[in-house]
Amino acid sequence: MLVLILRWFVLLQDKLLYYKLEGGKKESSPKGRILLDGCTITCPCLEYENRPLLIKLRTKTNTDYFLECCSREERDSWALDITGAIHAGHPVQVQELHRMKNSFKLLENISLHHIVDKMRDSSTGIKLTRNLEQGNRYKETFTGSALVDWLISNSFAVSRFEAVTLASMLMEENFTKPVGARSIEAMRYSDLSEQFLDDSTALYMFAESSKKMLSSKEELQFNISELSGMIVKQGFLVKQGHKRKNWKVRKFVLRADPAFLHYYDPTKEENKPVGGFSLRGCLVSALEDNGVPAGVKGNVQGNLFKIITKNDIHYYIQASSKAERTQWIEAIKPLT
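Per an unreviewed UniProt entry, the protein goes by the name Pleckstrin-2 and belongs to Anser cygnoides.

So this is what it looks like as C-alpha cells:
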C-alpha cells in the first residue's frame, strides 16, 4: 500500500528539497532532500493503477521516491524540469529533452498489432475498468489519458502529442473505439486531429474486431517516419471544418507509402499537422458547381471535391481552380 504525505517541494540544480507544511505554510528548514545526481525518473509511473499522477524517482543508491501531482499537466511539467536538473551538466541532453516534449517523430517502425497485443497483456497491459457516464455503465474500458500514459510508459511514444497521434491511428484502424457520449461526440464532429481525447473523462475500449485482426497472419506495418517523407504533392486548399462547418485555408501534403493526406495550419510556425487521414479505402470525387451539395455550408466559391474515408468521414475541400482540383484528384486516386 502506498501512503503519501503532503509536502512542499523546491527544485534546485542538483537536488529536490521537500518541506513540511504547518498551517498551510512551509517550515523554514527542509524536511529532507533527494540528490538528483545519478537519479532515474519514471513518468508516467503506472505501478499503482489508481494513481495515474505519480512520478517515480530512483536514486543511485536504489532508494525510491513517489511524488503525486494534482494534474497531468503539473506532473509532466515537474517531470520535464526534474529530468532537466538530472542532466544539468549535459546541455545537449537538456536541449534534446525540450525538443522531445513537442516531438512528432514516432518510432520508425510501429506495428499496431504489436501495440494492441501488449495493451491486452493481463499483467503489463492497459488496465480495464468499469466506468459510469451519464447513468450508463461501461465494462472493460479505459480513459483517453490512461492510454496516452500507457503508450509513453511503454516507450511507444515520447511525448503526449506523439501518443495522441498513435492513439488516433489505433482508433482509425478499428483496434479501439469510443464509448460514452464525450468520446463518441468527438469522433463524430471534431477534426481528425481532435477526434481522440487525452482526457480522463473520455472512455474507450477495444473494438470487437481487434481480436480477429490480431490473429491475422498478415500484420499491418506502419512506418511513421514516412509520414514526413515521400511527398507526392503539396499546396494550399480551403477545407470545411467538421464541427463548426466554417472554411479555413490549410496547407495540404499528400504522401505515399503509406498513403496519407495531412493538413497544416499556415498561421502557426511549428511544422505539425492539425489533421490527416489514411487514404486506404477512400473515395475521392469532384462536386458539381451548380448548387451547393448536401453537407456543405458557408461561403462556397466552387471547385469543390470530396474525400470519403473508409470510416465514412466526409472531407469537403475547395481548390482555387478547376484545373487545380483535377490535379489533386488525379494525384490522390492512385493512392486509395
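Read on, since the account is not over.
Undergrad: Please provide a residue-by-residue account of the overall build of the protein, values included.
TA: Scanning the protein for helices and strands turns up eight helices and 21 strands. Expressed as a percentage of its 336 residues, the buried residues of the protein come to 43%. Long-range contacts, defined here as pairs at least 24 residues apart, represent 53% of the contacts in the protein between residues at least 6 apart. Accessible area of the protein: about 18700 Å², with a carbon and sulfur share of 49%.

Undergrad: Any chance you could break down empty space enclosed by the protein for me, citing the residues and the numbers?
TA: In total, this model carries two cavities of 30 Å³ or more according to the counting rule given. Considering only enclosed or pocket space, the second largest cavity measures out at about 40 Å³ in volume. Glu172, Glu173, Ser278, Arg280, Thr309, Lys310 and Asn311 are the residues that line the second largest cavity. Grouping the constituent residues of the lining of the second largest cavity by class yields no nonpolar, three polar and four charged.

Undergrad: How would you summarise the side chain of arginine 75 if you had to cite specific residues and measurements?
TA: Note on placement: arginine 75 falls in helix H1 (residues 72–86). A polar atom in the side chain of arginine 75 sits 2.8 Å from the side chain of aspartate 149. For arginine 75, the residues in contact, after removing those within four places along its chain, are Cys43, Pro44, Pro52, Leu53, Leu54, Ile55, Cys69, Asp149 and Arg160.

Undergrad: How would you summarise the sheet that holds strand S6 (residues 40–42) if you had to cite specific residues and measurements?
TA: Pairing between sheet strands relies on hydrogen bonds along the backbone, with the strands arranged either parallel or antiparallel. Pairing in this open sheet of three strands is antiparallel, and the strands run S6-S7-S8 from one edge to the other. Every other strand in the sheet has two partners, leaving S6 and strand S8 (64–68) as the edge strands with one partner each. The sheet shows a mean angle of 20° between the axes of neighbouring strands, direction not considered.

Undergrad: Which residues make up the packing of aromatic side chains, and what are the values?
TA: Two aromatic rings are characterised by how far apart their centres lie and by the angle between their planes. Evaluated as defined, the whole model comprises seven aromatic pairs. Geometrically, the ring pair formed by phenylalanine 142 and phenylalanine 206 is edge-to-face, given 5.6 Å between the ring centres and 65° between the ring planes. Residue phenylalanine 142 is found in strand S11 (residues 136–143), and its partner phenylalanine 206 is found in strand S13 (residues 203–206); the two are separated by 64 residues along the sequence. Each member of the pair, phenylalanine 142 together with phenylalanine 206, is buried. Summarising the aromatic geometry, the rings of phenylalanine 252 and tryptophan 328 are spaced 6.4 Å apart at their centres and angled 75° between planes, so their arrangement reads as edge-to-face. With phenylalanine 252 in strand S16 (residues 247–255) and tryptophan 328 in helix H8 (residues 322–332), the pair connects residues that are 76 residues apart, well separated along the chain. Like phenylalanine 252, the residue tryptophan 328 is buried in the burial classification. Ring-pair connections join several aromatic residues into one group, and the members of that group are Phe252, Tyr263 and Trp328.

Undergrad: Outline the pattern of salt bridges, listing residues and values.
TA: The full count for this structure, using the stated rule, is nine salt bridges. Linking lysine 20 and glutamate 22 is a salt bridge whose minimum nitrogen-to-oxygen distance equals 3.6 Å. Since its relative accessible area comes to 46%, glutamate 22 is described here as partly exposed. Within this structure, Lys56, Arg58 and Asp64 form a network of salt bridges that share partners.

Undergrad: If you had to explain the pairing of strand S7 (residues 54–58) to someone new, which residues and values would you point to?
TA: Side chains on a regular strand alternate between the two faces of the sheet. Burial analysis of S7 places four of its five residues in the buried class, which makes it a mostly covered element. Counting the residues that bridge the hairpin from S7 to S8 gives five residues, and of these asparagine 62 lies at a positive phi of roughly 65°.

Undergrad: Before we move on, can you summarise the sheet that holds strand S5 (residues 32–35) with the specific residues and values?
TA: One open sheet accounts for three strands, arranged S1-S2-S5; its pairing is antiparallel. Pairing within the sheet leaves two strands with one partner each, and these edge strands are strand S1 (8–11) and S5. Here the strands of the sheet are splayed against their neighbours by 20° on average, with no regard to which way each runs.

Undergrad: Residue-level account of the state of the cysteines, with values.
TA: Throughout the structure, instances matching the rule amount to zero disulfides. Sulfur of cysteine 45: no disulfide; nearest cysteine sulfur belongs to cysteine 43 and is 8.5 Å away. Cysteine 70 provides the cysteine sulfur closest to cysteine 69, a residue in no disulfide bond, and the two sulfurs are 7.2 Å apart.

Undergrad: Now, about unusual backbone geometry: what can you tell me, with residues and values included?
TA: Cis geometry is adopted by the peptide bond preceding proline 258, which originates at aspartate 257 and carries an omega value of 0°. Residue position: proline 258 is located in the loop between S16 and strand S17 (260–264). Positive phi outside glycine occurs at asparagine 62, with the angle close to 65°. Inspection of the secondary structure puts asparagine 62 in the loop between S7 and S8. Taking the relative accessible area as the measure of exposure, asparagine 62 reaches 58% and is therefore exposed. We note that aspartate 312 has phi near 65°; this positive angle belongs to a residue other than glycine. Classification of aspartate 312 as exposed rests on a relative accessible area of 54%.

Reading the values: the criteria
Residues numbered from 1 in each chain as written. Predicted model: local features only at pLDDT ≥ 70, side-chain atom pairs only at ≥ 80, totals over all residues. Heavy atoms only, no water. Helix = DSSP H or I, 4+ residues; strand = E, 2+ residues; numbered from the N terminus. Buried < 20%, exposed > 50% of the residue type's maximum accessible area, 1.4 Å probe, protein only. Contact = heavy atoms within 4.5 Å. Areas by Shrake-Rupley, 256 points an atom, 1.4 Å probe, with all protein chains shown as cover. 1 Å grid on protein atoms, 1.4 Å probe; cavity = no way out; pocket = protein on both sides within 12 Å on 5 of 7 lines; lining within 4 Å. Points joined across faces, edges and corners; volume = space filled by probe spheres on them. Nonpolar A, V, L, I, M, F, W, Y, C, P; charged D, E, K, R; others polar. Polar contact = N/O pair within 3.5 Å; in protein donor to acceptor, adjacent residues only side chain to side chain. Pairing = 2+ DSSP bridges. Axes fitted to C-alpha atoms, helices over the stretch in contact; angles between N-to-C directions. Phe/Tyr/Trp six-rings, centres within 6.5 Å; stacked < 30°, edge-to-face > 60°. Salt bridge = Lys/Arg side-chain N within 4 Å of Asp/Glu carboxyl O. Disulfide = S-S within 2.5 Å.

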